[in-house]
Structures are given as structure tokens and as C-alpha cells.
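A look at the structure
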Amino acid sequence: MDDNQRIVITGVGVVAPNGIGKEAFWENCAKGVSGIKPITLFDTSDYRCHYAGEVSDFDPVPYLGKKGLRNLDRTTLLSLVAAKLAIEDSGIAITDENRDEIGVVLGSTMGSVKSISDFDMEGLREGPRYVNPAKFPNTVINSPASQVAIRFGLQGLNSTISTGFNASHDAVGYAMNMLKLGRAQTLLVGGVEELCLQTFLGFYKLGLMARGTFTDPVKDPFMAPHKGTVLGEGAALFALETYEGAKQRGAHIYAEILGYGQQFDPECDDRYNPQATGLMGAIEEAFADANLKPEDIDSVSLSANGVKGCAESEEYALEQVFGYRAKELTRTNIRKLIGESFSAGGAFQMAQSLVASKTEPITTAATSVQASANFTANSLVLGSGPLGHMTAIILKQG
Amino acid sequence: MHQQRVVVTGIGVVSSIGIGWQAYWDALLAGTLGTTPVNYFDTSEFPTHIGGEVHNYQPTEFISELPHSQNLARGAQFAVAATKMAMEDADLDRSLSLDNKVGVCLGTTMADVQELETINSDWVFKGPKHTSAAQYKRYPSFSMSASIAKCFGFKGPNTMIPTACAAGNYAIGYAHDLLKLNKADVVIAGGAEPFSRTVFEGFNRIFAVSPDKCRPFDKNRKGMIPGEGAGIVVLERYEDAQARGATVYAEVLGYGTSCDATHMTIPSVNGVANVMRNALKQAGLNPEDVGYINAHGTGTAANDKTECAAIRKIFGERADSMPVSSVKSMLGHAMGAASALEAIACILSLKFGQLVPTINYENMDTECDIDCVPNKSRKFDSKVAIKNAFAFGGNNASLVLAEMNS
């Protein structure tokens, strides 16, 4: 394949509940340090769930300085810090010559739903003439991606992808297509999610969350076998470019994204399809895109989040695709360490997958699934959502 | 690689001036005003009271035979209804096989935000504990594109692009890319938006809403008027359309995007000029090939003069005579559906050789020195048109559309 059709990762920026910055995140993933803890961002005393993967004491000032942060919401600040880290890590110098070729593709389904909801609620409480106009721009879903562009002067393609649990997986697929078509030279790509009472209540009331008393939220965040999920938050962004571009500027390459597959499963009716037809289809498409076979895959990053039917559907797909080898695959599940971070979930899966061969495999959970693993060669990153969005990405360590 | 031509073979419309493309088109040519007193919520405490709502239309019956079509939120209903019209218009129901990969690529600004606004009301007046699960389920944007796919059984790539007021253009553009890259065989593309209190509140608070009519390019323009609706097009590769004998409305020659990266709400001449330049470059055309611009044309002081300055920057002296009209003069601003509905107007203009007018136009503004096709539709014979869309956050996207010549 032409070098300008090969897509590589050359920068990583992570703001996770178990560590800010790639080093802290990777080290804590390797050691099995969980970011799941009692929620402090809002009062949960009225509900039967009190834990989440929260980015504790998040302070953007050391990364961004004090200026211009006043009216920005948590979703945007998480995105800005991850973007800053990814840009620095990639070594790309943003100049007047290249800023219109550098862009942003962010996975975010609701933007900051807290910003949107708070703005309308202020109008309901105080009257529509008394809402704060400076907060109005925060009510559009594309605000976080746009703020990244404004902060770092990125005039290239700027887009937001909002396919729920798969938003950041699909942002990666979208960005790959954009780079292959020459619509940008470099893209900051990933996802963001903010922990807030609005999202918490949505998951809680839809019965997706583990409720009741944990024996140990760190060891068993989903209250195995499948009582439900625990929420997470954060942002993870990558610098993506073509292999040709990365080679020309002598960039460090973390991994190549060999393939991407995306399908919709109409059989999912707010529950996972036990036959996993769509997920298998997405995996097959990713194989075709990468020109690989199942035997070329060494490890799988799971999308299983504790919601009933998710792990079962995913395991069924793996058995069908990999046959007897399914049991031999190394499995990782970042959600056991940081919770279900929804639109940022896929980006965290990928960030964890880049831990590469540096770390020792460890087992943190009382199940057979490892929270972190010793990655070698090709990993399959899965995304599945109860509405029917199914995604598979194949990464090759650089 | 990537050399395949992408064409429009079906159109569905839910708008404040007409349901279905024929009614919409007739209303556009007649210069119909679709902005009326707001019905959805009480506006007595607001400074303005006019909105571009879709009245007297309940999609529920029209879509009731489709599976999973019950209990959809307003935006999703609009999207599914417009998709059904577009599918029937393209005559695809009969010609699709199970092997066809049908994708969905939809834009929105606020998602099904009426659901969130119900949550907000319950939260404020009863307490957060008393908000209801149904609304949380129906609010998020990805349930819109999922609803289309579930109602029709589409298994192809399902993508939701919430790039605010440019979302429809982004979605149609990306659908075009998916077809060129062979990631799908057919893509349902466009935008959908329900009327929103939050939007009305916000634009009123920044004094951007006109109290009576939307007057794009007029010296006395007073602002935009929030609206709603859905616009859906069926896109496929030209060779496939030809093989099944489909009617082709127009060709999508390409699209471009740009990002102002300067301010969340103030548009930039450079950003807007760049998006048209990028779109032409992607389509392999020069400015002199373009005969019509379907404007973003919101009717705010800032947008219209910025758009006109950018047009002058790209087209030079030709800007004097370039027809540039704004559908928002009739519909108001349908937010995430706006650019899709306007792209449809542009496609129909190319197909039928008629320009849609900018209505409510009375006074020339020297800062908007273009030909805005004032008040009356007229014939034209150009082959290529640009559809502009600019969004909050400086997310700009322009489509390059062309009359279909075989």
C-alpha cells in the first residue's frame, strides 16, 4: 500500500481517572491501579450507586495557564488538556504554514450535556432574559472540538462524531478516511466524556448501572457477573497522520492503524444482539481493510462494560471469528480500571493498547479478564453499543 | 482510486413551508414565509416570539408501518419520515438487496433536545430524581441515526455528525466520501432538528433573533429566526444509479471544510473564504465554473457581511453579478437540518434551472453587494453551484453540486 494511505499514531494525550499524561496512565494500567472511587462531582445520596471513574482534582491550569478558561466547561477543559499533551508528544510545531492542514476529530455524543442542561435550567429558574450569554456557545455539541481548534490555532478539518459508546472508535475511522483522501495532514483524534449528574441519571434510570452495595468497587466494578456498569470520564486524543508524513518529519510512531470496520446491527433494540451479527460484520470488515486473517491477531481490547448482554455478545462474536483460538487471545478491558467513559471509551481502549510490550501482564479482577496486558504485534479494539453501532479497529504496534 | 461519481437519486423533506420535495420546491419558488408565532413553549417572557416550526404535520401515521417507529422523539420522527420519502422517491425499496451496504450519515445541532428540555423542566420543578428514563433514552444524537437504520434495516456505516449549523453539509460530504471509498453502496444523508427552547433562549440572549422576519443581506436585517425540520438525500455511485435506471437529481462534485479557529460565535472572512476555496479545489474546479451560491445567509449582521466579503475574496468582480440566495429568509434557521434542506433547494435549482429567491428583501446594503435574487425566483442556466454552511465554533463546510449531464 502507498505510504500516504497508511495511517499511523504519532502522539498520545491522556487525561484518565487513573492518571493524567501517558506515563502515569500506562504505569497505572500496568500496575492495575484503578481510577474508580466515590463520586465527588455531585451528590449521589438519593441513588443506589456512589462510585465512578472520576478524574480527581482535575486542574487544567498547570497545562493551559490561567488565561481564557473562565467560561469553559469540564468537557472542553478535559479535551484541551488531552490535546495539549498529544500535540507536545507528537512533536508537531504548529505554524502559519501548516495550521490549515491540522485539524480535530472528536468523539463526543452530547458535548457537555451539563452545559446544555444548566443553560436551559437557568432560563427556567431565572427567566430567559437572565441566562448567561457567555455560556451559550457551550451548548453546541461541537463546542469542545472547536475550542481545541481555537486554543491551538488549528484551521484544518474540524469535526465531531457522536455515535454514543462508539463515538471515539468512529472518530478514528472518520479521521482515517479523511487522511487517506488528503483532507488533512494531521488530525487530533479521540474522545471526551465528562462525568455529571445528567449522564449519571441517564445511565441510572435506563438500568445500565450497577446498583447496591459493592463488595469491592475496585476489584469488581461491574458487580460480576453483570449487574451493570460503572461510569467513567476523561479525554484521550492521538495525533494521526499518514506514514509518509510521519516518515518525512522523522516522527516517533506508536502504532499503525491497519484496519477499521463499522456496521450497524438493526437486531439491537436497546439490548445487545446475542448473535452479534453486526459486531462480527464489523470485525470482518476490519480484517478485509487490514488484509489480515484472524490468526494474525494477538490481543483483543474488549468493549464489555458490565451491562447485561454486552460481554456475552462480544464473547460470542470472538468465538465465531476466532474459533478455538478465541480462548488463547489476550484480553484487556480498560473499563475495569476507569469505568465506562461512553464517547471517550474507544480512545481509552486504544491508549491502553499502546502500552506496548513494556508492561507485565497482570490480573486485577476476580475474573479471567486482565485489566492490562503484555501487548504484542496486532491488537483488535472492539466497540459495541446497545443501539446497534458496532466497530472494530486493528492496531499494529510500531 | 476515488474517481467514482456520486449522485443524488432521492429527496425527502420535512419543512415549515412544505412536506415532501415537490411541496417544498413549489413553496420555495413562490417565496413562502414559514416563520410564525412559536407554538412549542410560552414565549411571553422572551423578547421575540417568532419561530420556523413545522405545523400541522404528524409524521407518526406516515411512518407507523415501519418497525421500531413507535415512541420516537420529534427530531427522529422528522428524520425517519424524510428518509421514507427519499427512499420512495429513489425507488430504492424494490431495488435494494440484502447485500447492499446502506449507510446513514446524519447531522444535527442539538440532537433531540426537546427530550432534554423535558428533563430540565422536571429537574427544576420536581427535582432531578423525578426525571424520566424515556427522555434520557431518546435525547442523545446517536438515537436519531440509529432510528433510521432500525426502521429500514440498514446495516452500513451509521454516523452522526453534530457540527451545529453546518452539520447537514458535513453529513452529505462525508456520505460522498464513504461512497468514493466503497465503504457503502447507498448512503442516506442529511440533517434533522426539532425546535428548541435552549436555542431560542440563547440566540435571543445574544440579540441575534429577528422579532418579525428574517431578512438576509438587507441593510435593515435584524437577525436569524430559529427553526426545525429534516432534509434527507439518497446518495449513490453514478454507475449504480445508471444500472438500476434511477432518476438523478444532481451530482455531488465534492466538498471542503475549514475551521475559523478564532471565535466560537463571530464568523471569520478568512475561514469562510477558505471553505469555498477548499471545496472548489476538492472538486477540481475554478471559481469561474460556479454560477450560483446557495448562501448560509442567516440574516444576522455579522454572518451576511462576512459571507459576502468572503465571496468577493474568492470570486473577485464576478461577485457583483453572482446570484447568492438564502433559503433562511423563508424557513428561518433549521439548525442541524438547515444546510441539508438548503442543499436540497440548491439541487432542485440545478435540476429545474430555477433560482430560489431571498424574500423579505427591501434595502440594499453596501456590505452585502451581491445579487441575492431578491423576492422573486428566476431562471438560470449554470451547471455548477456552491452550498455554503458555517457553524458555531467556526466549523465551515461547502458542497459543490452540479447539474447531471450524462
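In this numbering scheme, every chain counts its residues from 1 along its sequence in written order. The order in which chains are written sets their letters, starting at A; the order in which ligands are written sets their numbers, starting at 1. With the structure being a predicted model, the display of local features is reserved for residues of pLDDT at least 70 and the display and counting of side-chain atom pairs for 80 or more, all residues being used for whole-chain, interface and lining totals.

**What to know about the overall build of chain B**
- Working definition: helices are DSSP H or I runs of at least four residues, strands are E runs of at least two. Numbering for both runs from the N terminus. Broken down by element type, chain B carries 14 helices and 15 strands.
- For chain B, the C-alpha radius of gyration of 20 Å lies close to 22 Å, the compact-globule estimate for 406 residues.
- With respect to the principal axes defined by its C-alpha atoms, chain B has extents near 60 × 55 × 40 Å.
- Scored against the burial criterion, the 406 residues of chain B give a buried share of 67%.
- Once C-beta atoms are placed from the backbone, any two residues with those atoms within 7 Å are in contact. Relative to all contacts within chain B whose residues are 6 or more apart in sequence, the contacts with residues 24 or more apart total 78%. The globule rule used here is 2.2 Å times the number of residues to the 0.38 power, and the radius of gyration it is set against is calculated over C-alpha atoms. Burial is judged by counting the other C-beta atoms within 10 Å of a residue's own C-beta: 20 or more makes it buried, 12 or fewer makes it exposed, and any count in between marks it as partly exposed, with every C-beta position built from the backbone.

**Re the overall build of chain A**
- What chain A contains, in helices and strands, is 12 helices and 13 strands.
- Relative to its length of 398 residues, chain A is compact, with a C-alpha radius of gyration of 20 Å against a globular reference of 21 Å.
- Expressed as a percentage of the 398 residues in chain A, the buried residues total 62%.
- Look at the contacts in chain A between residues 6 or more apart in sequence, and 76% of them connect residues 24 or more apart.

**Quick word on the nonpolar core**
- A set of buried residues qualifies as a nonpolar core if it consists of Ala, Val, Leu, Ile, Met, Phe, Trp, Tyr and Cys joined through C-beta atoms within 7 Å. Judged by nonpolar contacts, the single largest core of 278 residues is most densely connected at A:Ala82, A:Ala175, A:Leu187, B:Ala79, B:Ile344 and B:Leu401.
- Sorting elements by how many residues they give to this core places helix 14 (residues 338-352) of chain B first, with 10 residues.

**Remarks on the interface of chain B and chain A**
- Each partner contributes to the interface: chain B provides 60 residues, whereas chain A provides 58 residues.
- Of all elements in the fold, only helix 5 (113-126), helix 6 (133-138), helix 7 (142-152), strand 6 (158-161), helix 8 (167-180), helix 9 (197-205) and strand 9 (250-259) of chain B reach the threshold of two or more residues within the side of chain B that touches chain A.

**Structural notes on the confidence of the model for chain B**
- The predictor's confidence in any single residue is recorded as pLDDT, a number from 0 to 100. Scored by pLDDT, chain B has a mean of 96; 99% of the residues are at 70 or more.
- Under the prediction, the complex receives an ipTM of 0.97, its pTM being 0.97.

**Thoughts on the domain arrangement of chain B**
Residue and element names in this part refer to chain B.
- Domain start and end points were adopted from an automatic or database domain assignment. Per the domain assignment, the segments of chain B are domain 1 (7-243) and domain 2 (254-402).
- The C-alpha-based centres of domain 1 and domain 2 are spaced at 21 Å.
- Facing the 58 residues of domain 1 at the interface are 57 residues of domain 2.
- Of all the elements in the fold, those that place two or more residues in the side of domain 1 that touches domain 2 are strand 1 (6-15), helix 1 (21-30), helix 8, strand 7 (186-193) and strand 8 (229-237).
- In terms of residue count, helix 8 provides more of the side of domain 1 that touches domain 2 than any other element does, 7 residues in total.
- Considering only residue class, the side of domain 1 that touches domain 2 consists of 27 nonpolar, 24 polar and 7 charged. Residue type decides the class: Asp, Glu, Lys and Arg count as charged, Ala, Val, Leu, Ile, Met, Phe, Trp, Tyr, Cys and Pro as nonpolar, and the leftover types, Gly among them, as polar.

**Quick look at the packing of helix 4 (residues 113-126) of chain A against helix 9 of chain B**
- Note on geometry: axes are lines fitted to C-alpha atoms, helical ones only across the stretch in contact, with angles between N-to-C directions running from 0 to 180 degrees. Across the interface, helix 4 of chain A lies against helix 9 of chain B with an axial gap of 10 Å and an inter-helix angle of 75°. As judged from the angle between their axes, helix 4 of chain A and helix 9 of chain B are roughly perpendicular. Contact residues: A:Ile116, A:Phe119, A:Asp120 and A:Gly123 in helix 4 of chain A; B:Arg197, B:Thr198, B:Glu201 and B:Gly202 in helix 9 of chain B. Small angles under 35 degrees read as roughly parallel and large ones over 145 as roughly antiparallel, with 65 to 115 read as roughly perpendicular and the rest as oblique.

**Examining unusual backbone geometry**
All names here are of chain B.
- Even without a glycine there, the phi angle at histidine 68 is positive, about 60°.
- Within the fold, histidine 68 resides in the loop between helix 2 (59-63) and helix 3 (74-89).
- Here histidine 68 falls in the partly exposed class, since 19 other C-beta atoms lie within 10 Å of it.
- One non-glycine residue, phenylalanine 217, adopts positive backbone phi at about 70°.
- As for its placement among the helices and strands, phenylalanine 217 is situated in the loop between helix 9 and strand 8.
- On the basis of neighbour count, phenylalanine 217 is assigned to the buried category, with 31 C-beta atoms found within 10 Å.

**Observations concerning the environment of B:Ala389**
Residue and element names in this part refer to chain B.
- Looking at the element boundaries, alanine 389 is found in strand 14 (residues 384-390).
- Assessed through the 32 C-beta atoms surrounding it within 10 Å, alanine 389 is described here as buried.
- In the structure, alanine 389 is positioned 117 residues away from valine 272 in sequence and 8.9 Å away in space, judged by C-alpha atoms.
- Excluding residues that lie within four positions of it along the chain, alanine 389 makes contacts with Cys165, Ala166, Gly168, Asn169, His296, Ser339 and Ala397.

**Quick word on the pairing of strand 9 of chain B**
Residue and element names in this part refer to chain B.
- Extensive coverage of strand 9 is indicated by the burial of 10 of its 10 residues.
- Relative to strand 9, strand 1 runs antiparallel, the two sharing 3 bridges. Bridge assignment links valine 7 to a residue of strand 9, and that residue is glutamate 251.
- At least two bridges found by DSSP between two strands is the condition for calling them paired. Note: strand 9 against strand 15 (residues 395-402), 8 bridges, orientation antiparallel. The residue bridging threonine 257 from the neighbouring strand is alanine 397, located in strand 15.

**Some words on helix 7 (residues 197-205) of chain A**
- The element helix 7 of chain A is extensively covered by neighbouring structure, given that 8 of its 9 residues are classed as buried.
- Buried residues of helix 7 of chain A: A:Leu197, A:Gln198, A:Thr199, A:Phe200, A:Leu201, A:Gly202, A:Phe203 and A:Tyr204, and no others.
- For helix 7 of chain A, the elements touching its buried residues are helix 4 of chain A together with helix 6 of chain B.
- Downstream of helix 7 of chain A by one or two residues, A:Gly207 has phi in the positive range, about 70°.

**A short note on helix 3 of chain B**
All names here are of chain B.
- In this scheme, a helix's expected span is set at 1.5 Å multiplied by one less than its residue total. Taking 1.5 Å per residue as the helical rise, helix 3 with its 16 residues ought to reach 22 Å, and the 22 Å between its terminal C-alpha atoms agrees with that figure.
- When you tally the buried positions in helix 3, you get 15 out of 16 residues, the bulk of the element.
- Trailing helix 3 by a residue or two, aspartate 91 shows a phi angle of about 55°, which is positive.

**Some words on the domain arrangement of chain A**
Residue and element names in this part refer to chain A.
- Annotation of chain A at the domain level lists domain 1 (3-255) and domain 2 (258-397).
- The C-alpha-based centres of domain 1 and domain 2 are spaced at 20 Å.
- Residue assignment for the side of domain 1 that touches domain 2 shows that the elements contributing at least two residues are strand 1 (7-16), helix 1 (22-31), strand 4 (51-53), helix 6 (167-180), strand 7 (186-193) and strand 8 (234-242).
- In terms of residue count, the dominant contributor to the side of domain 1 that touches domain 2 is helix 6 (7 residues).

**Brief notes about the environment of B:Ser132**
All names here are of chain B.
- With respect to the secondary-structure elements, serine 132 resides in the loop between helix 5 and helix 6.
- When the 13 C-beta atoms within 10 Å are taken as the criterion, serine 132 is described as partly exposed.
- When the C-alpha positions of serine 132 and aspartate 122 are compared, they lie 8.3 Å apart, and in sequence the two are 10 residues distant.

**Description of the pairing of strand 8 of chain A**
Residue and element names in this part refer to chain A.
- Where burial is concerned, most of strand 8 is hidden: 9 out of the 9 residues are buried.
- Bridge analysis of strand 1 against strand 8 gives 8 bridges, and the strand direction is antiparallel. Residue pairing in the sheet places glycine 11 in a bridge with alanine 239 of strand 8.
- Examined bridge by bridge, strand 7 and strand 8 share 8 bridges and lie antiparallel to one another. Bridge pairing in strand 8 places valine 192 opposite alanine 235.

**Side note on the confidence of the model for chain A**
- Within chain A, residue pLDDT values average 92, and 94% of them lie at 70 or more.
- Scored below 50 in pLDDT, residues 357-375 of chain A shows 52 contacts in the model against residues more than four places distant or in partner chains.

**Side note on the packing of helix 11 (residues 269-283) of chain B against helix 12 (residues 301-315) of chain B**
All names here are of chain B.
- Interaxial distance between helix 11 and helix 12 falls to 8 Å at its minimum, and their mutual angle equals 50°. Our classification of the angle between helix 11 and helix 12 gives oblique. For the pair helix 11 and helix 12, the crossing hand works out as right-handed. Only Thr306, Glu307, Ala309, Ala310, Lys313 and Ile314 of helix 12 make contact with helix 11, whose side of the interface consists of Val269, Val272, Ala273, Met276 and Arg277.
- Class assignment of the residues belonging to the contact of helix 11 with helix 12 gives a composition of 7 nonpolar, 1 polar and 3 charged. Helix crossings are classified by the rotation of the near helix relative to the far one: an anticlockwise turn of less than a right angle makes the crossing left-handed, while a clockwise turn makes it right-handed.

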